[in-house]
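One-letter residues, chain by chain:
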Amino acid sequence: QVQLVESGGGLVQAGGSLRLSCVASGRLFSSNTMGWYRQAPGKQRELVAEVTSGSSTNYADSVKGRLTISRDNAKNTVYLQMNSLRPEDTAVYYCNVKNWWSTGFYDYWGQGTQVTVSS
């Protein structure tokens, strides 16, 4: 089992910055992916960014160049630095961990943190 606790959400004006953090406790497999998803009202949850245990990253096109994901393996923590925020970035942001094994993965989610960007 893996437990995830997010922090760092809040209200910011357009063009501002926020940094989200997510601490994972429990067992992380040697092959794992840590990431951030978001869900805006009336929309489906979507991938924002993810980083593998091998440090490969993947970003949604809409956030490339503005949001940066990073991880600290010693602290089992993943970060999302969000710059040049836009009103359309407003959503609940969820931390996610995937523990990979030979034929699949175990999926874990945080409780979510609200990010609101005012125009």
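One structure accompanies this document, and this report is about it. (Residues numbered from 1 in each chain as written. Predicted model: local features only at pLDDT ≥ 70, side-chain atom pairs only at ≥ 80, totals over all residues. Heavy atoms only, no water.)

### So, the packing of aromatic side chains
Stated formally: Each Phe, Tyr or Trp ring (for Trp, its six-membered ring) is paired with any other whose centre lies within 6.5 Å, and the angle between the two planes then decides the class: stacked below 30 degrees, edge-to-face above 60, tilted in between. Put simply, DSSP marks the helices as runs of H or I at least four residues long and the strands as runs of E at least two long, and each gets a number from the N terminus on. Relative accessibility decides the category of a residue: with a 1.4 Å probe and only protein chains considered, values under 20% of the type maximum give buried, values over 50% give exposed, and everything between is partly exposed. Should the NZ of a Lys or the CZ of an Arg lie within 6 Å of a ring centre and within 35 degrees of the ring normal, that charge is described as sitting over the ring.
What the rule picks out here adds up to 4 aromatic pairs. Each ring, one from Phe29 and one from Tyr106, has its centre 6.0 Å from the other, and the planes form 90 degrees; the classification is edge-to-face. Residue Phe29 is located in the loop between strand 3 (18–26) and strand 4 (32–39), and its partner Tyr106 is located in strand 10 (residues 104–109); the two are separated by 77 residues in the primary sequence. Each ring, one from Trp100 and one from Phe105, has its centre 4.8 Å from the other, and the planes form 55 degrees; the classification is tilted. The class of Phe105 is partly exposed, set by a relative accessible area of 37%. An aromatic cluster is built from Phe29, Trp101 and Tyr106, whose rings are joined through pairwise contacts. Just above the ring of Tyr79 sits the side chain of Arg19; from NZ or CZ to the centre is 4.0 Å.

### Regarding the state of the cysteines
As a reminder of what qualifies: Disulfide assignment relies on a single distance test, namely cysteine sulfur atoms paired within 2.5 Å.
As enumerated under the stated definition, the model contains 1 disulfide in all. One disulfide bridge connects Cys22 with Cys95, the sulfur atoms lying 2.1 Å from each other. On the sign convention where negative is left-handed, the bridge of Cys22 and Cys95, at about -85 degrees about the S-S bond, is left-handed. Separated by 73 residues along the polypeptide, Cys22 in strand 3 and Cys95 in strand 9 (residues 91–101) bring together distant segments of the chain. The buried category is assigned to Cys22, whose relative accessible area is 0%.

### Considering the nonpolar core
So the rule is basically this: We call a set of buried Ala, Val, Leu, Ile, Met, Phe, Trp, Tyr and Cys residues a nonpolar core when their side-chain atoms join them within 4.5 Å. The contact definition used throughout considers only heavy atoms, calling two residues in contact when any of these lie within 4.5 Å.
By size, the foremost hydrophobic cluster in this structure holds 30 residues, and its most contacted members are Trp36, Leu80, Met82 and Tyr93. Counting residues per element, the ones that place at least two in this core are strand 1 (2–7), strand 3, strand 4, strand 5 (46–52), strand 7 (67–72), strand 8 (77–82), strand 9 and strand 11 (113–118). Setting aside anything within four residues of it in sequence, one finds Met82 in contact with Gly16, Ser17, Leu18, Leu20, Arg66, Leu67, Tyr93 and Val115.

### Here's the deal with the environment of Ser119
Relative to the elements of secondary structure, Ser119 occurs in the segment after strand 11. Once the C-alpha coordinates of Ser119 and Gln13 are considered, the two residues, 106 residues apart in sequence, prove to be 6.2 Å apart. Excluding residues within four positions of it along the chain, Ser119 makes contact with Ala14 and Pro87.

### Examining a nonpolar patch on the surface
Here is the rule: Residues qualify for a patch when their relative accessible area is over 30% and they have no salt bridge, like charges being joined within 9 Å and the nonpolar side chains of Val, Leu, Ile, Met, Phe, Trp and Tyr within 5 Å. Note on areas: Shrake-Rupley with a 1.4 Å probe; residue coverage comes only from the protein chains shown. By definition here, a salt bridge exists when the distance from a side-chain nitrogen of Lys or Arg to a carboxyl oxygen of Asp or Glu is within 4 Å.
Together, Trp100, Trp101, Phe105 and Tyr106 line one region of the surface with nonpolar side chains, adding up to about 420 Å² of accessible area. Note on placement: Phe105 falls in strand 10.

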